Amino acid sequence: MSDPKKAADIISIENSSDKGFEDEWKIEVNEWVESLEAVKDSYGPKQVKELLRSLQNFALSQGITLTEATLNTPYRNTIPLSEQPSYPGNLELEKKIENILRWNAMAMVLQAYDSGEGLGGHIATYASSATMTEVALNHFIKSRSDDYQGDMMNIQAHASPGIYSRAFLEGRLSIEELGNFRRELQEEGGLPSYPHPRRRPELWPSPTASMGLNGVNSIYYARFAKYLKNRGLLSKDMGKIWAFLGDGEMDEPETIGTINIASREQLDNLIFVVNCNLQRLDGPVRGNGKIIQELEAVFRGSGWNVIKVIWGSEWDSLFSIDDNDVMQRRMDEVVDGEYQMYSVSSGETQRAHWIKGNKELESIMSNLSDEELKDIKRGGFDHKKLYAAFDNAMKSKGKPTVLLVKTLKGYGLGKGSEGRNIAHQKKTMSDDERIEIAERLGIPLSDEDRTLAKFYVPDPNSKEMQYLHSRRKELGGYQPIRFNSCEKLKAPDIELFDDFVNGIDRSISTTLVLVRMISKMLREEDIGKYIVPIVPDEARTFGMDGLFSQTGIYSPEGQKYQPVDAGTIAPYKEAKDGQILQEGICEAGAMASFMAAGTAYSHFELPMIPFYIFYSIFGFQRVGDMIWACGDALTRGFLIGGTAGRTTLNGEGVQHQDGHSHVLASVVPNLMTYDPAFGYELAVIVREGIRRMYQEQEDIFYYITVYNENYTHPPINDVTQDSILKGMYCFKRATKDLEDKYQGEPIHLLGSGSIMQQVIQAQEELEQEGIPTNIWSVTSYNLLHKDYQEARSEGKSSYLETILENEQGHFISVSDWITLLPDSLAHLFPGTYTALGTDGFGLSESREALRNYFGISSQAIVEKAKELAK
Ligand SMILES: Cc1ncc(C[n+]2csc(CCOP(=O)(O)OP(=O)(O)O)c2C)c(N)n1
Ligand SMILES: [Mg+2]
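Quick caveat: nothing in here was measured; it's all calculated off a predicted structure. (Residues numbered from 1 in each chain as written. Chains lettered and ligands numbered in written order. Predicted model: local features only at pLDDT ≥ 70, side-chain atom pairs only at ≥ 80, totals over all residues. Heavy atoms only, no water.)

S.K.: So what exactly am I meant to see when it comes to helix α24 (residues 510-523) here?
M.R.: Residues spaced three or four apart along an α-helix point in a common direction, a consequence of the helix completing one turn every 3.6 residues. Here α24 is 14 residues long and its end C-alpha atoms lie 20 Å apart, about the 20 Å a rise of 1.5 Å per residue gives. For α24, the buried fraction is high: ten of the 14 residues fall into the buried class. Among all positions of α24, only T510, T511, V513, L514, V515, M517, I518, S519, M521 and L522 are buried. (Helix = DSSP H or I, 4+ residues; strand = E, 2+ residues; numbered from the N terminus. Expected span 1.5 Å × (residues − 1). Buried < 20%, exposed > 50% of the residue type's maximum accessible area, 1.4 Å probe, protein only.)

Given below as C-alpha cells:
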C-alpha cells in the first residue's frame, strides 16, 4: 500500500462518534503503516511477512485472533494494475475468434432445438466462460511435444458447445457433426452433450458432466503425475492439469473435500479456474453472501495460491481516485444477489443502488455515464486481467492455484438471458434475438441465416483463422485432446501363479491369495513397476501391511520421521518413490487415483495397473458415480471388493456387510465382475485381466470380490481356464455309485465365493443321506447374464444354456449375495430353480448364526435339497 493515509482509513473505527479519538487513531495507524513501508524498502517483502507474523503471534498470545483478516482479501483483483503484464496477443483477432465461437456454440444448441426433437443444450455457461477459455487456449494451455507430456484440459461440461465450436474451426470436427449436437446416431455423425471419452476418445480426456467429479479427478490426476515423476516413470516434463469448474459446482463435497490434498502434495502442476457467474441452475449460488470471498477463504485456508479476477479494466481509473476506499468498501459490502440484480438493471438503477446516498462514491461514479456503467465489464471478460491471472498461476511454485473469475451467466445473450435465473435452461431464442446477437458479435450472415442459426465458417485464409492455428501450433497442438498411444505389456504366464493354481493346503482366504499374487507381480521385471496398489486406510484389514516395506508408501516428502514400528518386519515405510497409494479414509480420492492410474495409458503413455482394494460395501454404493465415470473414461484396472459377503464379513452389522455390490456392479457395461471361490480361479481371472487390458488393450475393467474366510484351496486339475472366465463350470459331480442308485431328479448346487464351502459341506452331508448332487462353481452371475444377452441378440445359445444342455432336475443357487443376482438367470435353467441368498440388511452376529439366519448354511442347503428330492 503506497499511501499510508489510505490504509488508516480502511482501519478507521466506523462506529466511533468521538472525532478526537478517530483522528488520533488515524495518526497511530499511519505511523505503523509508514514503519512497515520502511521495513519493506530496507529489507524486502519477505521481512514484512515475517514481521507481521511476529505481530500476529504476539496478538494471539494476548488472546486476540485474526483469522477473518488473514483468509480474505478485499473484493478486488489479486493482481494489481502495477503488476499486470502487457498483453502479448492480438486482441482484435482474439475477440473476433471468440465472437465466432460464441455464435457457433449458440447455433449448435439452437439448431438442436429447432430440429424439434426436444433436444437443445446449454448456451449460458459457455457465454460466461468463453473469454477465460480463449485466453487460456491462446496463451497458456500446452499440448504434447517431444519433451513435454502435455497439459490436460478438463472443461465445465455445460460449456461443451464452445469447445466443439473451436474444434470445428480447428478442423477437428465436421460441420455435420457440429449440426448434430446431441444426435449421436445420425449417419454423418453427431456429438454427445458433454465430455465423454467413451464417445469421443480423441477429444475428451475425462468425463466431467457429473458435478464435482472434475475437481476431485483433476486433483488426483495432478498428484498421479507427481507420483509417476517421483517414481522415475515419467521422463518428460509432466505438464499441467487444468480444471474449469462452475461456482455452483463448488458446492460438491468431492471437490471441496479434497482440495487439502492438493496443497499437502504441493501440486503446482494443478490449476483450477472457477467460473464465478454467481448462478447455478435454479438461481444465485450465494445470494446473501459472496461466492468468490467464500471460496477465497476456503482455498486460502487450504494453502492454495488464490487469484481473484473480479473487475474489468474500466474500474482501474475509478480505483485510482478511490483514495478513501469508499468504493472498495461498497464492493465488499454488496452481496451476490445484488450484483446479480445489477446485471439485469439499467445503469441508472444500478447507480442509485450502488451509491446509496454516499456523496463521495457518487462523485467517483460521476466519471461514468449510465451507459458506461451498464457496459462496464466483470473481470472474466477482460482479456488483460485474465492474462495477468493465468500468468501468475503458471509461475506458482509448490502450491496449486485457483483462479476465481467473476463473470455473468448468459453474457452477451441479451436481456432475456443475461443474469436471469432461467439462463441455465435457455435453449432457444426469438428471431429478433438471433439477429440482434449476430449483429452484436459481427457475424456476417444474412438475417435469414441468422434466424436459422446457421454456422459461420470463416475463410481458412482469413487472418483470424491463421491466428487461431498459429497460436495452437506455438503451444504444441490442439486442446482438449486425448491420446491413445501406449506400449503393450505381456501378461505373465499362468505359471507365475503356480502356488495358487496347483492348490493351497494351508487354510487361507482369497484376500490373502490376492495379496500374495500382487506381491509376486510387484517383483516381476516386466509388469512390477506398473502395479499401483491403492488402499483407503485398510491395508492391515486385507493383510497388505507386508507390502509397506516391500514397495513403500508414496509420499512426495519421503519419510521425515522414524516410524514407531521401525524394528519390525513390516514397518510403516513412506518414500518419495513409494509405490503404494495410501489414500487415508477418502474413497472418492482413492477412486480418483484409480481413474488417474487406469487412464495413465492415454495421458502419460504408461500402462499403469491399479489394484484398488476396499471394503466391498464402500465401493459401488459409496462412489458408484465415479465407477460409472471410470467406464466412460475407458479406465483399466482392478477394483477389489474385500471383506465381501453379507455373512462372511460377520459381526459388523448393517453398514458393513455387503450382499449386493455385485448387483450394483452389474450395471456398468464394460465391467468384468467375478466372485471367485478358490485361489486358482482368482489367479486365472487376474492373469486374464492383465492380458485383456494391457496386452490386448481392451477397454474393460474388473471388479473382483475377495473374502476373509480361511479354507484350503483345491488344485485347478482339469478345469479349463475358459470355463472359469466365462462364469461357471462343473466343480464336482455326484459320486457315480450313489447316482446310479438314486431314483429322484438330479440335484445341482451352485456355489460362489466363500459360500462354496457351505455347498461342499452340504454335498457331503447329502451323500451320507443317499442324495447325490452335482456342484457347479459360478464365478460370475453377471458375465453369464451378459453372455446370454449377447447370444440372444445374435440368435445363438448362451454359454450357460450350452453347458446345461444335457442337464436337468433341480438347481439350487447359494451365495452370499441377494437373490436378485442369481435370479437374473433363473429362466435359463432346465428344471426347477431356487436361489438362496442374503436378502435384507446385514446384522451383527457370528458367521454361523448369520448363515442360519439368511438360510444359506450347509444345513439350509441340505434341507432345501431334501425337500426337492422327495
Ligand atoms: C452431480 C450432478 N448434480 C446435478 C447436475 C445438474 N446440473 C447441471 S449444471 C448444474 C448447475 C451448474 O452450475 P454452475 O456449476 O454454477 O455452472 P454454470 O453453468 O453456472 O457455469 C446442475 C445442477 C449435474 N450435472 N451433476
Ligand atoms: Mg455458475
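S.K.: Please explain helix α6 (residues 124-139) as it appears in this structure.
M.R.: Taking 1.5 Å per residue as the helical rise, α6 with its 16 residues ought to reach 22 Å, and the 24 Å between its terminal C-alpha atoms agrees with that figure. A large share of α6 lies buried, amounting to 16 of its 16 residues.

S.K.: Could you clarify how one ought to interpret the pairing of strand β11 (residues 609-615) in this entry?
M.R.: A regular strand carries its side chains on alternate faces of the sheet. Across the seven residues of β11, seven count as buried, placing the element largely inside the fold. Alignment of strand β7 (residues 531-535) against β11, held across four bridges, turns out to be parallel. Paired with V532 across the two strands is P610, which belongs to β11. By the bridge criterion, five bridges tie β11 to strand β12 (residues 638-642) in an arrangement that is parallel. Bridging from a neighbouring strand, I613 pairs with I640 of β12. Between the parallel elements β11 and β12, the chain passes through helix α28 (residues 620-632) in a crossover that is right-handed. (Pairing = 2+ DSSP bridges. Right-handed = clockwise from strand over helix to strand, strands pointing away.)

S.K.: What exactly am I supposed to notice about the nonpolar core here?
M.R.: One broad trend across soluble globular proteins is that nonpolar side chains are buried collectively. Formed by 165 residues in total, the largest nonpolar core has its most connected members in F224 and M365. At ten residues, the largest contribution of residues to this core is made by helix α9 (residues 213-230). Contact partners of F224, with chain neighbours within four places excluded, come to V532, L581, A596, A597, A600, F604 and M608. Listed in part, the 64 residues of the second largest apolar core include I100, M132, L137 and I141. (Core = buried A, V, L, I, M, F, W, Y, C linked by side-chain atoms within 4.5 Å. Contact = heavy atoms within 4.5 Å.)

S.K.: Just checking my understanding: could you explain the packing of helix α5 (residues 91-114) against helix α20 (residues 431-441) for this structure?
M.R.: How two helices pack is summed up by the angle between their axes together with the distance between the axes. Two numbers describe how α5 lies on α20: the axes approach to 10 Å, and their chain directions differ by 160 degrees. Classified by the interaxial angle, the pair formed by α5 and α20 is roughly antiparallel. At the point where α5 passes α20, the crossing takes the left-handed sense. Within the contact between the two elements, α5 uses N99, R102, W103, M106, L110 and D114 and α20 uses R434, I437, A438 and L441. (Axes fitted to C-alpha atoms, helices over the stretch in contact; angles between N-to-C directions. Parallel < 35°, antiparallel > 145°, perpendicular 65-115°, else oblique. Left-handed = near helix turned anticlockwise from the far one by under 90°.)

S.K.: Would you take a moment to explain a positive patch on the surface for this structure?
M.R.: On the surface, K49, R53, R300 and K399 cluster together into a patch of positive charge. Tracing the chain through its elements places K399 in the loop between α19 (383-394) and β5 (401-406). (Patch = residues over 30% accessible without salt bridge, like charges linked within 9 Å, V, L, I, M, F, W, Y side chains within 5 Å. Areas by Shrake-Rupley, 256 points an atom, 1.4 Å probe, with all protein chains shown as cover. Salt bridge = Lys/Arg side-chain N within 4 Å of Asp/Glu carboxyl O. Lys, Arg positive; Asp, Glu negative; His and termini not counted. Charge placed at Lys NZ, Arg CZ, Asp CG, Glu CD.)

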